[in-house]
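# Summary of the model geometry
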Amino acid sequence: MKDIQTVSTSWTDLTRDSAVYLLFTFSAIKVSQFIYTCFQSSEMSSFSMETHPEALRRERILSSKLYFNVPESKVSIIYSSAYDISFMGIEKLHPFDSTKWRRVCKFLVSDGFLEEKSIVEPLEASNSDLLVVHSLNYLNSLKSSATVARITEVPPVALFPNFLVQQKVLRPFRKQVGGTILAAKLAVERGWAINVGGGFHHCTAERGGGFCAFADISLCIHFAFLRLSISRVMIIDLDAHQGNGHETDLGDDSRVYILDMYNPEIYPYDYSARRFIDQKVEVMSGTSTDEYLRKLDKALEVAFRNFQPELVVYNAGTDILDGDPLGLLKISPDGITSRDEKVFRCAREREIPVVMLTSGGYMKSNARVIADSIENLSRQGLINTQLDSTST
Ligand SMILES: [Zn+2]
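Residues numbered from 1 in each chain as written. Predicted model: local features only at pLDDT ≥ 70, side-chain atom pairs only at ≥ 80, totals over all residues.

Under the convention used in this document: UniProt positions are given in the numbering used here, feature names are shortened, and annotations may be inferred rather than shown by experiment.
The name recorded for the protein in an unreviewed UniProt entry is histone deacetylase, from Raphanus sativus. Regarding the protein, the relevant UniProt record gives this comment under Subcellular location (unreviewed entry): "Nucleus". In its Cofactor (unreviewed entry) section, the UniProt record describing the protein reads: "Zn(2+)".

## Quick look at unusual backbone geometry
Quick note on the threshold: In this description a helix means any DSSP run of H or I spanning at least four residues, a strand means any run of E spanning at least two, and both kinds are numbered starting from the N terminus.
The peptide bond linking Tyr267 to Pro268 adopts the cis configuration, its omega dihedral lying at 10°. Relative to the helices and strands, Pro268 is located in the loop between strand S4 (256-262) and helix H10 (271-274). Of note, the phi angle at Ser359 is positive, near 45°, even though the residue is not glycine. Tracing the backbone through its elements, the reader meets Ser359 in the loop between strand S7 (354-357) and helix H13 (366-379).

## What about the pairing of strand S6 (residues 311-315)?
The condition is simple: Exposure classification rests on a simple neighbour count of other C-beta atoms within 10 Å of a residue's own: a residue reaching 20 or more is buried, one at 12 or fewer is exposed, and one in between is partly exposed. C-beta atoms are placed from the backbone. For two strands to pair, DSSP has to find at least two bridges joining them. When the strands point away from the viewer, a crossover counts as right-handed if the path from the first strand over the helix to the second runs clockwise.
Extensive coverage of S6 is indicated by the burial of five of its five residues. The two faces of S6 match: Leu311, Val313 and Asn315 on one face and Val312 and Tyr314 on the other face are all buried. Here five bridges tie strand S3 (residues 233-237) to S6, and the two strands are oriented parallel to one another. For Ile235, the partnering residue across the bridge sits in S6 and is Val313. Crossover S6 to S7 through helix H12 (residues 333-349) is right-handed.

## Section: the sheet that holds S3
Note the following rule: C-beta atoms are first placed from the backbone for all residues, and any pair lying within 7 Å is then listed as a contact. Between N-to-C directions, angles span 0 to 180 degrees; the directions come from axes that are lines fitted to C-alpha atoms, helices contributing only their stretch in contact.
The sheet built from seven strands is open, its strands ordered S1-S2-S7-S6-S3-S4-S5 with parallel pairing. Unpaired on one side and paired on the other, strand S1 (77-78) and strand S5 (279-282) mark the two borders of the sheet. Bridge count for strand S2 (residues 192-195) against S7 is four bridges, and the pairing is parallel. Following the sheet pairing, Ala193 is matched in S7 by Val355. Against the sheet, helix H11 (residues 289-306) touches S3, S4 and S5, its axis set at about 170° to S4.

## Focus: the nonpolar core
Defined as follows: By definition, a nonpolar core groups buried Ala, Val, Leu, Ile, Met, Phe, Trp, Tyr and Cys residues that are joined through C-beta atoms within 7 Å.
Within the largest apolar cluster, 104 residues are counted, with the highest numbers of intra-cluster contacts made by Ala213, Cys220, Val312, Val313, Tyr314, Val354 and Val355. When residues in this core are grouped by element, the largest group, eleven residues, is from helix H7 (residues 162-190). Discounting residues that sit within four places of it in the chain, Val313 has contacts with Ile217, Cys220, Ile221, Val233, Ile235 and Val355.

## Overview of the pairing of S4
Most of S4 is tucked away: seven of the seven residues are buried. Here S4 shows two buried faces, one formed by Val256, Ile258, Asp260 and Tyr262 and the other by Tyr257, Leu259 and Met261. Pairing analysis gives five bridges linking S3 to S4, with the strands arranged parallel. The partner of Ile235 across the bridge, within S4, is Ile258. Read as a crossover between parallel neighbours, the route from S3 over helix H9 (residues 244-250) to S4 is right-handed. Pairing of S4 with S5, which is carried by four bridges, proceeds in the parallel orientation. Counterpart to Leu259 in the pairing with S5 is Gln279.

As structure tokens, this is what we get:
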């Protein structure tokens, strides 16, 4: 009996121990499930916050320092000595005049159209600013000097340590990007702005090329959408080359209208990007000034009839100039002055803010042509580069 009782007691103990064990195990599983769920949901929420591209883009644009207030003592001409590229002399291996930007401003100052102290110096676009359009993968790819060598088309750049390439090549580009972005803010405030630089119209969010490492036009427009409450932008791209960068990035955005007048017989032969051009005007090698300006008149008329922009971004490359080894067109210096005047007249008469970027055209003669054209815009009263004595 005792034995039976002992067995019975042991059995009861065993059952109780098992129940406690099972209860403990069950509770432990439930608690760990709860902790896991909590952890997972918090991770998911921060994950979705971090990866939602629109939310992140918005946050980056709103926290950017590139849109600073420009005092009235400055005119809407943007430039920095940091724009110019000097790389221990190897920049001379490139057919480009890598100090074009400085020389344009020098002419404007020496001709009495501009005071050096009234030029606006932009900030350099940070990584966060560039990520508004570019992917991290793309920005990381620039940590390879070989990639930068391909983009700038200067093979020896591949041989230099990347920190030097960042400092000597990419920093000037970042500064010019800062200038293009700021130009839209200034244009909206004052009617017009000229970035004496920028216009890197071959670079897309994911790929640089043709001397264009950052997509300043796409960036400028995304900033304008959000910070300036702009909802319709017209890109007028009159560089000799097709603007495949902004076309790829913005071509399917109904808020953007693209007029591109380019030579289809030269780089970049980007047929898929051509599908995104709203108004395509192809000008073949050897096109004369008269023919070019006739086509431009018609194109501008159609563009402004079809689309009413709140901002015009004018990519005013001067590689259409007669003798340019890349553009292969035959437009005279006066033809370029007329071209710029026509675009500014179209925008200013309709009271549409206009941003001008100097883009391609890197022969030694281009700086003089650009300066002459800006001086003509000033003489025509389409821009005002002289400050009133009351505003200084
Ligand atoms: Zn070009």
